[in-house]
Amino acid sequence: MSAAASTTYLLVDGENIDATLGMSVLGRRPEPAERPRWDRILHFTEEVWHEDARGLFFLNATSGQMPMSFVQALLAMAFHPIPLAGTGAEKVVDVGIQRTLDAILAQGAGDVLLASHDGDFIPQMERLLADGRRVGVLCFREFLNSELAALSERGLKIYDLEDDLGAFNAVLPRVRIIPLASFDPTRYL
């Protein structure tokens, strides 16, 4: 059995998570204290299926610039930053993640957690599920692509970044459906 058989790959669509947090949740650019704690997310990845985790953080570097302080922080947390550049018209991060999902499938082993809300990964996620892999999405549930969410009927696990992972230090101003069993009224007092 290969080393990948006991690995969960965490693929982070950095642009999508940041844009959803900023535009859809906060309505503005997030402050540093409002950003996800990526170390907690990587730890969750190790714990969810009790496997080693390999964090791959995809960044759009088409401009020729990289946020070096953020890249250094990712490296310090044992993430592998993947800064991709394209022609400008390409969705470089999405294409990079799609190719990586295809490569994980081709190697014959490894489970996947995808941090994104994007439906562009549905074909790859379907193939991973059909291959018997454990596959999950880390997201804000209320913004997850509905077709991707529908894959939960085929085994896709959906984990909320705030509620299930506790990936934020601050309580986010979200309006979403709350299961009565997990309703905490003190959050609103």
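Going by the structure above, here's the rest.
**Student:** I'm lost on the overall build of the protein chain in this one. Help?
**Tutor:** In terms of regular secondary structure, the protein chain is built from 6 helices and 6 strands. Along its sequence from the N terminus, the protein chain presents helices and strands in the succession β-α-α-β-α-β-α-β-α-β-α-β. By the compact-globule yardstick of 16 Å for 189 residues, the protein chain fits well, its C-alpha radius of gyration being 16 Å. Viewed in the frame of its principal axes, the protein chain has a C-alpha envelope of about 50 × 40 × 30 Å. For the protein chain, the residues scored as buried account for 44% of the 189 residues in total. The long-range fraction of contacts in the protein chain, counting pairs at least 24 apart against all pairs at least 6 apart in sequence, stands at 63%. Total accessible area computed for the protein chain in this model is approximately 9,800 Å², and 54% of it derives from carbon and sulfur atoms. Put simply, the protein chain has 17 plus and 26 minus side-chain charges, and the middle of one group is 1 Å from the middle of the other.

**Student:** Even after reading the chapter, I still don't get the side chain of T7, so can you show me in this structure?
**Tutor:** Tracing the backbone through its elements, the reader meets T7 in strand β1 (residues 7–13). Ignoring anything within four residues of it in the chain, the contact list for T7 reads E51, D52, R54, G110 and D111.

**Student:** Before we go on, may I ask you to explain helix α2 (residues 38–48) in this structure?
**Tutor:** Three or more residues of α2 are buried, namely W38, I41, L42, F44, T45 and V48. Around the axis of α2, the buried residues are gathered within 155 degrees of arc, so they sit on the same side. Following α2 by one or two positions, H50 has its phi on the positive side, about 55 degrees.

**Student:** Sorry if this is basic, but what is going on with the side chain of E162 here?
**Tutor:** Considering the arrangement of structural elements, one finds E162 in the segment after β6 (157–160). Only 3.0 Å separates the side chain of E162 from the side chain of R174, close enough to count as a polar contact. Sequence-distant contacts of E162, that is, excluding residues within four places in its chain, are made with A167, F168, A170, V171, L172, R174, R176 and R187.

**Student:** In this structure, what is going on with the sheet that holds strand β3 (residues 79–84)? I would like to understand it.
**Tutor:** The strands that make up a sheet are held in pairs by hydrogen bonds between backbone atoms, and each pair lies either parallel or antiparallel. Reading across the sheet, the 6 strands line up as β3-β2-β1-β4-β5-β6 and stay open at both edges, with parallel pairing between neighbours. On the outer flanks of this sheet lie β3 and β6, each paired with one strand and no other. Averaged over neighbouring strand pairs, the angle between their axes works out to 20 degrees when direction is ignored. Pairing geometry for strand β5 (residues 135–139) and β6, over 4 bridges, is parallel. Directly across from V137, in β6, lies its bridge partner I158. Sitting on the sheet, helix α3 (residues 68–76) touches β2 (52–60) and β3, and the angle it makes with β3 is about 145 degrees.

Cut-offs used in this document
- Residues numbered from 1 in each chain as written.
- Predicted model: local features only at pLDDT ≥ 70, side-chain atom pairs only at ≥ 80, totals over all residues.
- Heavy atoms only, no water.
- Helix = DSSP H or I, 4+ residues; strand = E, 2+ residues; numbered from the N terminus.
- Rg over C-alpha atoms; globule rule 2.2 N^0.38 Å.
- Buried < 20%, exposed > 50% of the residue type's maximum accessible area, 1.4 Å probe, protein only.
- Contact = heavy atoms within 4.5 Å.
- Areas by Shrake-Rupley, 256 points an atom, 1.4 Å probe, with all protein chains shown as cover.
- Lys, Arg positive; Asp, Glu negative; His and termini not counted.
- Charge placed at Lys NZ, Arg CZ, Asp CG, Glu CD.
- Arc of directions from axis to C-beta.
- Polar contact = N/O pair within 3.5 Å; in protein donor to acceptor, adjacent residues only side chain to side chain.
- Pairing = 2+ DSSP bridges.
- Axes fitted to C-alpha atoms, helices over the stretch in contact; angles between N-to-C directions.

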